[in-house]
Amino acid sequence: MNVIEVKKLTKKFDEITAVDGISFEVRKGEIFGFLGPNGAGKSTTISILATLLEPTSGGANINGFSVIADRNQIRKSIGLVFQDPSLDDRLTAEENLRFHARLYGVPMSEYKKRADEVLDLVELKDRRDDIVKTFSGGMKRRLEIARGLIHYPAVLFLDEPTLGLDPQTRAHLWEYILRLKREKEMTIFMTTHYMNEAEYCDRIAIIDRGKIVALDTPEALKKKIGGDIIRMQSGEKEKLAKEIKEKYDLDAKDSEGDMIQVEVENADTFMPRLFNELESKIESIEMRRPTLDDVFLSLTDRMIREEQASRKDAFRAQMRIRGRK
């Protein structure tokens, strides 16, 4: 059963096509990852699905409701955890939850049970009466997830849920997210630029320049690379890349710093040839199996780390979107 159905969704801002006729489905109970470099169209897509923007053409249904015709029903069907903090830190955890519950029309006769349940889920039950400004960043994130669940949404949208958190806190937050999927059969639609986090997703859609360029499970996407990855460090990487192309007809892609990488079938037998047959200097070399970083680079010619925009840039992007509504 599909909880989200997107068909030929398009959004244009004047002459710019931010989302270009994309179609996909999200199944009930799955964690769906939505990945793309800055300007790829993922934030615009999420804004449309959350009814913050109207599409130029095409459409989408969430939980059986249209994002165009049934905006109020859509908003009741989704929970949304923004990239930037959105709690009122002058209130207690309990007061933040109660305010959100009232906005969503949760009956007070049910509120106590729901509040206990979501606070227990994110292990904040003993901090319910504490002022939020005393919480750590990870605790605030957990409370935001609890708040997004208080009205029992069909879909929980998580926009960079672990951005700015330390690795240990990120790992703990993922424990709660996976618990949601396991115990509540919650459908989770998320963005992240941490490729190790994308491995948790049941399926991933990669969007670039407004189009979906790949959609599959993490394992299936990695298999599409079709071989081993050889990464080389060189102070003359342009010369090295050109020589590799001329000798072996392989396209070397830019990696980080002075690194390039190529994809080959049998790296263990191919690597010695590089040292024996190339004139360009190779300072270091490594071989490994493909990762989602490699998939992303192969499909978009960009490293996923370019996705790490500053909070100021993210805020400006949101303001641009709101100004065009």
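What comes next concerns the included structure. (Residues numbered from 1 in each chain as written. Predicted model: local features only at pLDDT ≥ 70, side-chain atom pairs only at ≥ 80, totals over all residues. Heavy atoms only, no water.)

**Structural notes on the overall build of the chain**
Just so we agree on the cut-off: What counts as a helix is a DSSP run of H or I of at least four residues, what counts as a strand is a run of E of at least two, and both are numbered from the N terminus. Burial here depends on accessible area, computed with a 1.4 Å probe over protein chains only, as a share of the maximum for the residue type. Under 20% is buried, over 50% is exposed, and the range in between is partly exposed. Two residues form a contact once any of their heavy atoms are found within 4.5 Å. Only four residue types enter the tally: Lys and Arg on the positive side, Asp and Glu on the negative side, with His and both chain ends excluded. Every charge is mapped to an atom, namely NZ of Lys, CZ of Arg, CG of Asp or CD of Glu.
Helix and strand counts for the chain come out as 12 helices and 14 strands. Taking the principal axes of the C-alpha coordinates as reference, the chain spans close to 75 × 45 × 35 Å. By the burial criterion, 50% of the 325 residues in the chain qualify as buried. For the chain, restricting intrachain contacts to residue pairs at least 6 apart in sequence, the fraction spanning at least 24 positions comes to 70%. Averaging the positions of the 55 positive and the 57 negative side-chain charges in the chain gives two centres separated by 6 Å.

**Some remarks on the side chain of Arg231**
By the element assignment, Arg231 lies in strand S11 (residues 228–233). Not counting chain neighbours up to four residues away, the residues in contact with Arg231 comprise Ser255, Glu256, Met259, Ile260, Gln261, Ser284, Ile285, Glu286 and Arg288.

**Side note on the nonpolar core**
To keep things clear, this is the line we draw: Residues grouped as a nonpolar core are buried Ala, Val, Leu, Ile, Met, Phe, Trp, Tyr and Cys residues, joined through side-chain atoms within 4.5 Å.
Grouped together as the largest cluster of nonpolar side chains are 46 residues, with contacts concentrated most on Leu143 and Ile145. Once residues within four sequence positions are removed from consideration, Leu143 is found in contact with Leu87, Ala93, Leu97, Leu119, Leu124, Val132 and Phe135. One finds Ile4, Leu9, Phe34 and Ile207 within the second-largest nonpolar core, a separate group that totals 28 residues.

It is worth stressing that arrangement in space is one thing and function is another; only the former is reported here.
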